[in-house]
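Here are the chains, one letter per residue:
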Amino acid sequence: MNWLRNHQQYLVRCIALLALGPLGSSAAGFVASAQSAPAKDVVTSNWGKPLDPNQVEPFWAEHQGGIETKPQHFTYFAAFDLTTKNREEVIKLLKAWTAASARMSEGQTAQPLESGLQLAVAPVAPKGGDAEDAPDPGSRAADTGEVLGMPASRLTVTFGFGAGLFIKDGKDRYGLAARRPEALVDMPNFGSIDQMVPEHTGGDLAIQASAEDPQVAFHAVRQLARIAEGVAQIRWVQTGYRPTAGDRHLLGFSAEEKIPGMNAPQSQAVWAGKEGPDWMRGGSYVVVRRIRFALEHWDQMPQTYQEAALGEMKHPNMPEDHSQTKVKSSLDNVVTEDSTPPHLAIVIPGRDAMLRRSYSYNDGVNFTTERWPPWRQGLEYDAGMFFICFQRDPRTGFIPVFRELANHDSRLNQFWTHVGGGLFAIPPGAKQGEYIGQALFEAR
Amino acid sequence: MKIFNVRTFLLLTALLAEAIPSFGADQAKPFLETIHHRRTLVSTIPDSGDLNPYAVVVAPVSAGRIQKGDVLITNFNGLTNLQGTGTTIVDYSPVTKQLTTFAHVPQHLPQCPGGIGLSTALTMLKSGWVIVGSAPSTDGTTRTLGAGCLLVFDSNGQLATTWANDNIRCPWGNVALIDNGSSATLFVSMAGFDVPPLQVRDPVTGYPVTVNKGTVLRINLSIPEGKPPVITDQTVVANGFGQRADRDVFLVGPTGLVMAADGTTLYASDALGNQVVAISEATARKDSAGTGRTVSKDGLLRRPLTIAMAPNGNLLVLNAKNGQVVELNPLTGEQFGAQWIDNNPAQSPPGNGDLFGLAIKPDGRGFYYVQDDVNSLLEATQ
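Residues numbered from 1 in each chain as written. Chains lettered and ligands numbered in written order. Predicted model: local features only at pLDDT ≥ 70, side-chain atom pairs only at ≥ 80, totals over all residues.

Right, let's get into the overall build of chain A. Broken down by element type, chain A carries twelve helices and ten strands. Counting the 444 residues in chain A, one finds 48% classified as buried. In chain A, of all internal contacts separated by at least 6 residues, the share reaching a separation of at least 24 is 82%. (Helix = DSSP H or I, 4+ residues; strand = E, 2+ residues; numbered from the N terminus. Buried ≥ 20, exposed ≤ 12 C-beta atoms within 10 Å, placed from the backbone. Contact = placed C-beta atoms within 7 Å.)

Now the structure itself:
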């Protein structure tokens, strides 16, 4: 009962804090209303149920895996540039990727071990005297072997198509430009939070491999990149992980834990419908963003600042910070007409427009310049959030929500920078015998 | 609501090392005491993604793409947020409430040594020409500090000419201007003479070594009808100010400048000396006044930056090391108090490093300023 009482007090504190912002009243109202029974077609309705971490997630399905799938604890995301000019080679790649992914999802090797490595597109032998130097992929192992003997580990492999598949540098390389969905927009610049590094942004194709084991996730991308030799090459990658319990991010908060229904969009917000091209029906659009947190700076902030910035209390077990008066300077008696809403109050109105399935990332330290005074420079953690969200249309999902954040989340915007990512169309799932994206290439 | 607690203020002034008389009943009310509101006007980030707003200048006339009363702002950082790489001047219209890019120069110009990083040295002439300083870097640190230059734009934002010479080394602080139409005089602070590398440390302070080579340069201009201004002569009217590299804030040196009411004395902020000084006969002198005469030192000052003259004749001085603006009497040096115009607790002390540019509003009933922490233009009003 003590726990219950603590929890009730905690919720009251959350609501009180949310009410600080101009959106506070509606946000607090949401907290109350969200406790009513959720609708039946909520895509995350299975996320609360316990799962066997070794189990097989289905590959052949109406929708691709890794979207409504309860998040695994590890992800390995890779964006690829297509190097081929040949449409048929893209099809061969997708066929080979589909087959290998289906096998790996069941805990098998990427390809049958007996026959050696089969590239998606066989290399062309050099002409003339160099013919004997032709590579022989068949002499290489069909699988690199680092997960032999391991279970499927709930591996899902999710494929996405970037704008570059349809048109790149003004060129329609594969005769697909006319089939580019309107929703696959060019992402706007969110000035105050963006510092997108070109080498970590975009891509023609994307693979999200998620599993309960980090080696299983990496193994999947490693095999698919191998198969792609001569057709596509890795542009950038990002690893991600989730804690074994709860889903707190590295700032120390978890909206999902504290706001019931924070991540429970209806299926109609996630899956593309009749509004777009037929080949995308049952698919989705993913926005991924590598968001670097200024953790050293954040860790110097009073708890009251952090809680006011996020709009939630840190944890029921954390004592209240008694330095609250420090947040508002006693020297400042000027009326400010700017009211800074907390982060949650900004994102809650758009909560139903996307399915968030994010991970933390942690890539060591490197030399960086913080974006804000006092402009510290030096070795800092390269760590933060690998934000992932799926939606029916980014123009009604990610983009309006992040525009609001860029314009109004001034407390938190001093502590995070979007340094990479992309937008990819996720085609629907495949039936056995089909390949991912088949309808795009075969549509008339 | 009053901005000062007068009793607290009197207590503060009593605590100052020099006993300063409290201001008499016959003296004008402190300007800051009339300021009761502040609000954000616009994000200063242009389409190019430049960051870190520095200079704030109110257009004195309408010319080309600029309307009288528009607020011109420089950005010191480029898209990648490296200091000394910003290449844009933006224009905020108080009428339309919109921000547009007025000028966008290439990162590298052969005539500007070291590249482009637009500083607080910005002014606009009645003839429509816009003059701005560059204190450039290529890696965001003074390791790659260039000599910089002054750039002259026409009123449509097109680069008309550049000035670089041995007297110009990282034009840094806000410009003091005397504009007679066909001729003009600029005063520009220079903070980039022989700045030692960051790694060279003062054993006493632990900071990078300070060298006393900062100057104030007077530049006389002739402005032929329809043609860009031409430098007719230039004189170093003050020198010997401390300047040094800084790991976090890039460069520290002489910064703010403003003409006195007498039309000949120049006030300057000596950031490392933590003082405001007066340079006598600044418009006419043929030699340097050294570091001038101390007007006000320490007290509420915390590494003073931009100086502006309030309508009551007092000086408003922005602090680098906290988010305060200080009001002081330039004749007596009396400090009337400070207002915390950026109290962002994400910095310590609040607002540390956030302020740089400030300009009095045309109606004299408030001022514009920028906050680097949130890349925004704000106004403080009655």
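Next comes the rest of the write-up.
This next bit is on the overall build of chain B. Of the regular secondary structure elements, chain B holds one helix and 25 strands. In terms of C-alpha radius of gyration, chain B reaches 19 Å, essentially the compact-globule figure of 21 Å for 382 residues. Across its three principal axes, chain B shows a C-alpha extent of roughly 55 × 50 × 45 Å. For chain B, the residues scored as buried account for 57% of the 382 residues in total. Sequence-distant contacts, at least 24 apart, represent 58% of the contacts inside chain B between residues at least 6 apart. (Rg over C-alpha atoms; globule rule 2.2 N^0.38 Å.)

Let us look at the environment of Leu82 of chain B. Among the secondary structure elements, Leu82 of chain B is positioned in the loop between strand 3 (71-77) and strand 4 (88-92). Judged by the 22 C-beta atoms lying within 10 Å of it, Leu82 of chain B falls in the buried class. On a C-alpha basis, the gap between Leu82 of chain B and Ala310 of chain B in space is 33 Å, while along the polypeptide they are 228 residues apart. For Leu82 of chain B, the contacting residues outside a window of four places in its chain are Thr369 of chain A together with Asn77, Ser137, Asp139 and Gly140 of chain B.

This part is about the environment of Arg365 of chain B. With respect to the helices and strands, the residue Arg365 of chain B is situated in the loop between strand 23 (358-360) and strand 24 (366-371). For Arg365 of chain B and Ala310 of chain B, which are 55 residues apart along the polypeptide, the C-alpha to C-alpha distance reads 9.4 Å.

Moving on: the sheet that holds strand 20 (residues 315-319) of chain B. Residues and elements named next belong to chain B. Taken together, four strands build an open sheet; the order of strands is 19-20-21-22 and the sheet is antiparallel. Sheet topology places strand 19 (304-309) and strand 22 (335-340) at the edges, where each strand pairs with a single neighbour. When the angles between neighbouring strand axes are averaged without regard to direction, this sheet yields 25°. Where strand 19 lies against strand 20, four bridges are found, and the strand directions are antiparallel. When the sheet's bridge partners are listed, Met309 is paired in strand 20 with Leu315. (Pairing = 2+ DSSP bridges. Axes fitted to C-alpha atoms, helices over the stretch in contact; angles between N-to-C directions.)

The partner chain B presents 37 residues to the 28 residues of chain A that form the contact. For the side of chain A that touches chain B, a count of residues per class yields ten nonpolar, eleven polar and seven charged. In this structure, strand 6 (residues 335-336) of chain A lies alongside strand 1 (residues 37-43) of chain B, joined through two bridges in parallel fashion. Residue Thr336 of chain A lies in a different strand from strand 1 of chain B, and its bridge partner there is Arg38 of chain B. (Nonpolar A, V, L, I, M, F, W, Y, C, P; charged D, E, K, R; others polar.)

With that out of the way, let us pick up helix 11 (residues 398-408) of chain A. Taken together, the buried positions of helix 11 of chain A are Phe398, Ile399, Val401, Phe402, Leu405, Ala406 and His408 of chain A. Tucked inside the fold, the buried residues of helix 11 of chain A contact strand 5 (284-293), helix 10 (343-347) and strand 9 (377-391) of chain A.

All names here are of chain A. Considering every residue of chain A, the mean pLDDT works out to 86; 85% of them sit at 70 or more. Confidence drops under a pLDDT of 50 for residues 1-38, and excluding neighbours within four residues, the segment shows 50 contacts in the predicted structure. The low-confidence segment residues 324-332, where pLDDT is below 50, has 14 contacts with residues more than four positions distant or belonging to other chains. (pLDDT = per-residue confidence, 0-100.)

A pair of packed helices is captured by two measures, namely the crossing angle of their axes and the spacing between those axes. Residues and elements named next belong to chain A. Their axes nearest at 10 Å, the elements helix 3 (residues 87-105) and helix 5 (residues 214-227) cross at an angle of 155°. Taken together, helix 3 and helix 5 sit at an angle that is classed as roughly antiparallel. Remark: the crossing between helix 3 and helix 5 carries right-handed chirality. For the pair helix 3 and helix 5, contact is made by Ala96, Trp97, Ala100 and Met104 and by Ala220, Gln223, Leu224 and Ile227, respectively. (Parallel < 35°, antiparallel > 145°, perpendicular 65-115°, else oblique. Left-handed = near helix turned anticlockwise from the far one by under 90°.)

What follows deals with the sheet that holds strand 18 (residues 293-297) of chain B. Residue and element names in this part refer to chain B. Within the open sheet, the four strands sit side by side as 15-16-17-18. Their pairing is antiparallel. With one partner strand each, in any of the chains shown, strand 15 (254-259) and strand 18 form the two edges of the open sheet. The average angle at which neighbouring strand axes cross in this sheet is 25°, direction not considered.

All right, on to helix 3 of chain A then. Residues and elements named next belong to chain A. Counted at 1.5 Å a residue, the expected span for helix 3 with its 19 residues is 27 Å, and the 27 Å between its end C-alpha atoms agrees. Every buried residue of helix 3 is listed here: Val90, Leu93, Leu94, Ala96, Trp97, Thr98, Ala100, Ser101, Met104 and Ser105. Close packing links the buried residues of helix 3 with strand 1 (74-82), strand 2 (156-161), helix 5 and strand 4 (232-241). Count one or two residues on from helix 3 and you reach Gly107, which has phi positive near 85°. (Expected span 1.5 Å × (residues − 1).)

Turning to the environment of Gly114 of chain B, a few remarks are in order. If you trace the backbone, Gly114 of chain B turns up in the loop between strand 5 (99-104) and strand 6 (118-124). By the C-beta count within 10 Å, which is 21 here, Gly114 of chain B ends up buried.

Residue and element names in this part refer to chain B. Looking at chain direction, strand 12 (residues 211-222) and strand 13 (residues 230-246) are connected through eleven bridges and run antiparallel. Bridge pairing in strand 13 links Gly214 to Phe241. Taken together, strand 13 and the strand that follows it, strand 14 (residues 250-252), pair antiparallel across an intervening segment of three residues.

Here we come to the pairing of strand 7 (residues 130-134) of chain B. Residues and elements named next belong to chain B. Taken across its five residues, strand 7 has five buried, putting it largely inside the fold. Side-chain alternation along strand 7 places Val130, Val132 and Ser134 on one buried face and Ile131 and Gly133 on a second face that is also buried. Bridging between strand 6 and strand 7 involves four bridges; their strand directions are antiparallel. Looking across to strand 7, one finds that Leu122 is bridged to Val132. The antiparallel pairing of strand 6 with strand 7 creates a hairpin that spans five residues between the two strands, and Gly128 there sits at a positive phi of about 100°. Looking at chain direction, strand 7 and strand 8 (residues 149-153) are connected through five bridges and run antiparallel.

Moving on: unusual backbone geometry. Backbone geometry follows two general trends: most residues other than glycine have a negative phi, and most peptide bonds adopt the trans configuration. Residue and element names in this part refer to chain B. The peptide bond linking Ser348 to Pro349 adopts the cis configuration, its omega dihedral lying at -5°. Structurally, the position occupied by Pro349 is in the loop between strand 22 and strand 23. Positive phi, normally seen in glycine, also occurs at Asn81, with a value near 70°. Inspection of the secondary structure assignment puts Asn81 in the loop between strand 3 and strand 4. The phi dihedral of Phe250 is positive, around 80°, even though this residue is not glycine. With respect to the helices and strands, the residue Phe250 is situated in strand 14. Taking the C-beta count within 10 Å as the criterion, Phe250 has 26 such neighbours and is therefore assigned buried.

Overall, the prediction assigns chain B a mean pLDDT of 92, with 93% of residues at 70 or greater. Segment residues 1-26 of chain B is flagged for pLDDT under 50; beyond a separation of four residues in sequence, or across chains, it makes 25 contacts in the model.

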